[in-house]
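# A look at the structure
Chain residues, written in single-letter form:
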Number of protein chains: 2
Amino acid sequence: MRKLPAKLASQLYGAAELIAERGLDGTKIEDIAEATGIPKATIYYHLDGKNAVLEFLLGDLLDMIAGAVGVAVASEENARTRLEAAVQAQLGVMLEHPSLCRALVGDLGRATRLLELAAALRTAFYEPIEQLLAEGVSDGSLRQVADPGAVALSVFGAITLAGLSAAVEGPSADPSADAARFSAAVSELVLDGLATPGSRDQRRSEPL
Amino acid sequence: MRKLPAKLASQLYGAAELIAERGLDGTKIEDIAEATGIPKATIYYHLDGKNAVLEFLLGDLLDMIAGAVGVAVASEENARTRLEAAVQAQLGVMLEHPSLCRALVGDLGRATRLLELAAALRTAFYEPIEQLLAEGVSDGSLRQVADPGAVALSVFGAITLAGLSAAVEGPSADPSADAARFSAAVSELVLDGLATPGSRDQRRSEPL
DNA sequence: ATCGTAGTTGTACTTCCAGTACAAACCATG
DNA sequence: CATGGTTTGTACTGGAAGTACAACTACGAT
């Protein structure tokens, strides 16, 4: 499995729609061959099999997201603003590639062993976000939280499920508008929380 | 596919571990038969195939979560407290059944068509949470948000990814302690947000 | 211009496994 | 003990993933 030539890579995207629709299971290699225009033999020459198609797509999406988030996180703004930008960046990429997202939720396990995925996500997300949290504490734009790792994870979850749901509900006419709408909602939640100031004290009321 | 006898149902759980480990792909029906002690022919007598095994497990997990969340949401407390309870309820169930969770993320698409899943989740989660949000506004314990649907979704995402990650990272010695730890982190995020009061004004600084 | 290397593709083949068929046992319950 | 649902072993079928391989192309190096 050397590094796939660019032309083939771009053709492979034609498979995403298909897989998103029918699932990897319901998609024969021959179907993929037909849809992408890459003959089966060629696919097997470059890729290690059906799952590798998905692996490739997953890797690509992850790269895109990581790239966009990386840019968002690297600006000069305060941490809070950069966090907002990161939210928007991830949602932007996801909504631009809804079928990729759909294909992947359905067959994640075919694309990667879950542990590898977790590791990849860790470097692509938690670490940036965790660092952002730390920087936010320094620059005073974000609160200190008890468990930054878990919080970073939850933030990622909030963004991701919003994006996924948008991808699963039919594709929208204006992805970037959707992205903006969802970003606003997610940012509102993640930054300001849901509690009213008044209720804030009775926090540790129940014993657990 | 009539209604599976209880004994078989319980035996089927033995398959979750297996599927979690190897993925549904890497798990032959014969493996499942061996692991559960249910002979292949019997499996096919009751279930419509390999995917149906997963469907059954998914349905069950969903029911457990929906049940627990339902109870949490139904108490007499204010909405804010009930939201916290809901978080803890979902995480509790997930961490009690880590291999079920792992099996499912990996092969979601095999268990359900994604749209059906979305629909099931909608009734099991967004609706309760959305209602909670509304009630919180009434009883003054939660803020009014612009897009309750999207926010409910994000809350669900935050909880779910936290739980999933816990399930994927090896199983813990004390699931309920983990649940408590994650609940605290998620609740902190979801209720209080990350922003400092000071940074709250410069909100809509960037365009779009 | 030719040789070697890497990629491309069609075709035919093998392998493996999900799912099926079916018959024989196994229970209940009347 | 007869009937009807269940249980299970065994043997079989079908279909799709992946492999083998040979013919062909493109092209850079010598």
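For the structure, check the block above.
Keep in mind the model is a prediction, meaning the values are calculated, not measured. (Residues numbered from 1 in each chain as written. Chains lettered and ligands numbered in written order. Predicted model: local features only at pLDDT ≥ 70, side-chain atom pairs only at ≥ 80, totals over all residues. Heavy atoms only, no water.)

### Some details on the side chain of B:Ser187
Residues and elements named next belong to chain B. Relative to the assigned elements, Ser187 resides in helix α10 (residues 175-192). Judged by its relative accessible area of 5%, Ser187 falls in the buried class. When residues no more than four places from it in sequence are discounted, the contact partners of Ser187 are Glu84, Val87 and Asp192. (Helix = DSSP H or I, 4+ residues; strand = E, 2+ residues; numbered from the N terminus. Buried < 20%, exposed > 50% of the residue type's maximum accessible area, 1.4 Å probe, protein only. Contact = heavy atoms within 4.5 Å.)

### Some points on the protein's contact with DNA strand D
In the vicinity of DNA strand D lie 13 residues, with A:Lys40, A:Tyr44, A:Lys50, B:Thr42 and B:His46 positioned nearest. Atoms of DNA strand D within 4 Å of the protein: sugar and phosphate make up 65%, bases the balance. A:Lys28 places a side-chain nitrogen or oxygen 3.1 Å from a phosphate oxygen of DNA strand D. Between DNA strand D and B:Tyr45 there is a distance of 3.1 Å, counted from a phosphate oxygen to a side-chain nitrogen or oxygen. Take the surface near DNA strand D: its biggest share by element is 4 residues, from helix α4 (residues 40-46) of chain B. Taken together, the residues of the surface near DNA strand D break down into 5 nonpolar, 4 polar and 4 charged. (Near = heavy atom within 4 Å. Polar contact = N/O pair within 3.5 Å; in protein donor to acceptor, adjacent residues only side chain to side chain. Nonpolar A, V, L, I, M, F, W, Y, C, P; charged D, E, K, R; others polar.)

### Focus on the relation of the copies chain B and chain A
Rotating chain B by 180° and moving it 0.0 Å along the rotation axis overlays it on chain A with an RMSD of 0.1 Å. A rotation of that kind, with that shift, is consistent with a two-fold axis. Relative to the rotation axis, the C-alpha of B:Gly193 is the closest in chain B, positioned 1.9 Å from it. Same-surface contact between copies: 99% of interface residues of chain B are shared with the interface of chain A. (Least-squares fit on C-alpha atoms with pLDDT ≥ 70 in both.)

### Examining the nonpolar core
If you look at the biggest cluster of nonpolar residues, it comprises 153 residues, and the most contacted ones within it are A:Leu194 and B:Leu194. Those residues in contact with A:Leu194, other than ones at most four positions away along the chain, are A:Leu189, B:Leu83, B:Leu133, B:Ser141, B:Leu142, B:Arg143, B:Val145, B:Val151, B:Val155, B:Val190 and B:Leu191. (Core = buried A, V, L, I, M, F, W, Y, C linked by side-chain atoms within 4.5 Å.)

### Digging into the interface of chain B and chain A
In this assembly, 69 residues from chain B lie in contact with 68 residues from chain A. Regarding the contact of chain B and chain A, the summed buried area is about 5,700 Å², with carbon and sulfur atoms giving 53% of it. Linking chain B to chain A there are 8 salt bridges. Here B:Arg110 and A:Asp25 are joined by a salt bridge, their closest N and O atoms 3.2 Å apart. Viewed at the interface, chain A and chain B are joined by 24 residue pairs in polar contact (both at pLDDT 80 or more). Contributing elements (two or more residues each) for the side of chain B that touches chain A: α2 (14-22), α6 (79-96), α7 (98-111), α8 (114-139), α9 (148-168) and α10 of chain B. Of the residues forming the side of chain B that touches chain A, the biggest block, 12 residues, is contributed by α9(B). Here the side of chain B that touches chain A is composed, by residue class, of 31 nonpolar, 18 polar and 20 charged. (Buried area = accessible area lost by both parts, 1.4 Å probe. Salt bridge = Lys/Arg side-chain N within 4 Å of Asp/Glu carboxyl O.)

### Quick notes on helix α8 (residues 148-168) of chain A
Residues spaced three or four apart along an α-helix face the same direction, because each turn holds 3.6 residues. Its 21 residues give α8(A) an end-to-end C-alpha distance of 30 Å, which sits within 8% of 30 Å, the value for a rise of 1.5 Å per residue. Counting buried positions over the 21 residues of α8(A) gives 19, a clear majority of the element. (Expected span 1.5 Å × (residues − 1).)

### Here's the deal with the packing of aromatic side chains
The relative placement of two aromatic rings is captured by the distance of their centres and the angle of their planes. Per the stated rule, a full pass over the model turns up 6 aromatic pairs over all chains. For the ring pair B:Tyr126 and B:Phe156, a centre distance of 6.1 Å and an interplane angle of 65° mean the geometry is edge-to-face. In this pair, B:Tyr126 sits in helix α8 while B:Phe156 sits in helix α9, placing the two residues 30 residues apart along the sequence. Judged by its relative accessible area of 5%, B:Phe156 falls in the buried class. An aromatic cluster is present here, built from A:Phe125, A:Tyr126 and A:Phe156 joined pairwise through their rings. The ring of A:Phe182 is capped by A:Arg181, whose NZ or CZ atom sits 4.8 Å from the centre of that ring. (Phe/Tyr/Trp six-rings, centres within 6.5 Å; stacked < 30°, edge-to-face > 60°. Lys NZ or Arg CZ within 6 Å of the ring centre and 35° of its normal.)

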